[in-house]
Amino acid sequence: MKRYDYVLVGAGLYSGVIAYLAGKAGKSCLVLEKRPHIGGNVYCEEVEGIHVHKYGAHIFHTSNKKVWEFVNSLVEFNRYTNSPVANYKGEIYNLPFNMNTFSKMWGIRTPKEAEEIIARQRTEIEGEPKNLEEQAISLVGKDIYEKLIKGYTEKQWGRDCKDLPSFIIKRLPVRYTYDNNYFNDLYQGIPIGGYNVLVEKLFEGADIMTETDFLKDRDTYMKMGDKVIFTGPIDAYYEYCFGKLEYRTVHFETEVLDEDNHQGVAVMNYTDRETPYTRVIEHKHFEFGKQPKTVISKEFSVDWEEGMEPYYPVNDAKNQELYQKYVQKAQTEEKVIFGGRLGEYKYYDMDKVIESAFGMWDRIKA
Ligand code: UDP
């Protein structure tokens, strides 16, 4: 049996970065991936010449220069800027919440007018916001909360906004300028040629086994490496001994349409409660595609059950507490390191995953 310096379980960005850095340092890696392909959730499938983000829209954005330079050293990025629009029962609003949104909502023109309306609407919240609903109203007022936040958030998380932590909504910028850029980060874009180009470069020197479930034969695989980096769900690794961590998952209904431009934007959020999906992605717009056809994906958000793909960790107090129990167990491991969105049970953006992998590599390379 061949032995490696590292056995990497899962072939997403976290493993990819470790594989790349380990390779540069002359170390050998074996990658075990359950799916039939590498790339984790950034994997794209080509349909009608369009890169379809099979596991949901991924827009790379970061303010970390080191991360930006790293990914750009592997692949060039285009100038895509995420500017999704919200569709509330046919009314169209710009996102994130900015002067374009306020102007459309209230027929106003100036930042001062917007500030006054929001200040008036937020008076109903007393003291520090205690949950997402209070946080949202105190940030943008009741009208925007009701039309653009409540329905979308409750569909996405399957919970009442009063039962969700306020930090989720703090991800979104609120701006008193006419600026529809969804992110505040310094750098943003989509890899030219798609994410698979990036992923292939990351895993270039590693041995890869796809359709291979580490957990089904862990004794064998454990022996194959000096260290094991596990990027799957930490609770699954421990056979859910303390109970199951909760996730939200998404599923997609993807269609090819015989038209060249269906919705005029890559991401349209459906923010009412009744439309069953949360958003519609038109993939070609991530890369300014000129193909004669188009591919759209309707995104539905559902509660995770064993056997489904876990997407978003539900980082509420109950789950965090449970996660801490697993962390304590993990700290006693000599050979296994947990990392990435599922290994660390964190709502990570891609750049944060890369940052975290850089940090881990600095710790283990010695
Ligand atoms: N959100 C919202 N309305 C929108 C878009 C986002 O209320 O039209 C809120 C919602 O609470 C959501 C959070 O912002 O959970 C983060 O949304 P985003 O779409 O950025 O999350 P992603 O799934 O892209 O990571």
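Residues numbered from 1 in each chain as written. Predicted model: local features only at pLDDT ≥ 70, side-chain atom pairs only at ≥ 80, totals over all residues. Heavy atoms only, no water.

Our focus in this paragraph is the environment of Val-71. In this fold, Val-71 is placed in helix H2 (residues 65–74). Counting along the chain gives 11 residues from Val-71 to Phe-60, while the straight-line C-alpha distance between them is 9.8 Å. Setting aside residues up to four positions removed in sequence, Val-71 forms contacts with Phe-60, Phe-77, Leu-198 and Ile-354. (Helix = DSSP H or I, 4+ residues; strand = E, 2+ residues; numbered from the N terminus. Contact = heavy atoms within 4.5 Å.)

Relative to each other, H2 and helix H7 (residues 195–202) sit at 95°, their axes nearing to 9 Å. Between H2 and H7, the angle is such that the two are roughly perpendicular. In this structure, H2 uses Phe-70, Val-71 and Leu-74 to contact H7, whose residues at the interface are Leu-198, Lys-201 and Leu-202. When the residues that make up the contact of H2 with H7 are grouped by side-chain class, the tally is five nonpolar, no polar and one charged. (Axes fitted to C-alpha atoms, helices over the stretch in contact; angles between N-to-C directions. Parallel < 35°, antiparallel > 145°, perpendicular 65-115°, else oblique. Nonpolar A, V, L, I, M, F, W, Y, C, P; charged D, E, K, R; others polar.)

In this section: unusual backbone geometry. Omega for the bond connecting Leu-95 with Pro-96 falls within 30 degrees of zero, at -10°, which places this linkage in the cis form. Note on placement: Pro-96 falls in the loop between strand E7 (91–94) and helix H3 (99–106). Look at Lys-89: it is not a glycine, yet its phi comes out positive at around 50°. Mapped onto the secondary structure, Lys-89 falls in the loop between strand E6 (85–88) and E7.

Close to the ligand lie 17 residues, the nearest being Leu-148, Thr-153, Gln-156, Tyr-312 and Tyr-347. The backbone of Leu-148 places a nitrogen or oxygen atom 2.8 Å from a nitrogen atom of the ligand. For the ligand, an oxygen atom lies 2.7 Å from a polar atom in the side chain of Tyr-347. The protein chains hide 93% of the 520 Å² of surface that the ligand would expose on its own. Of the residues that constitute the shell around the ligand, the class distribution is 11 nonpolar, four polar and two charged. (Near = heavy atom within 4 Å. Polar contact = N/O pair within 3.5 Å; in protein donor to acceptor, adjacent residues only side chain to side chain. Areas by Shrake-Rupley, 256 points an atom, 1.4 Å probe, with all protein chains shown as cover.)

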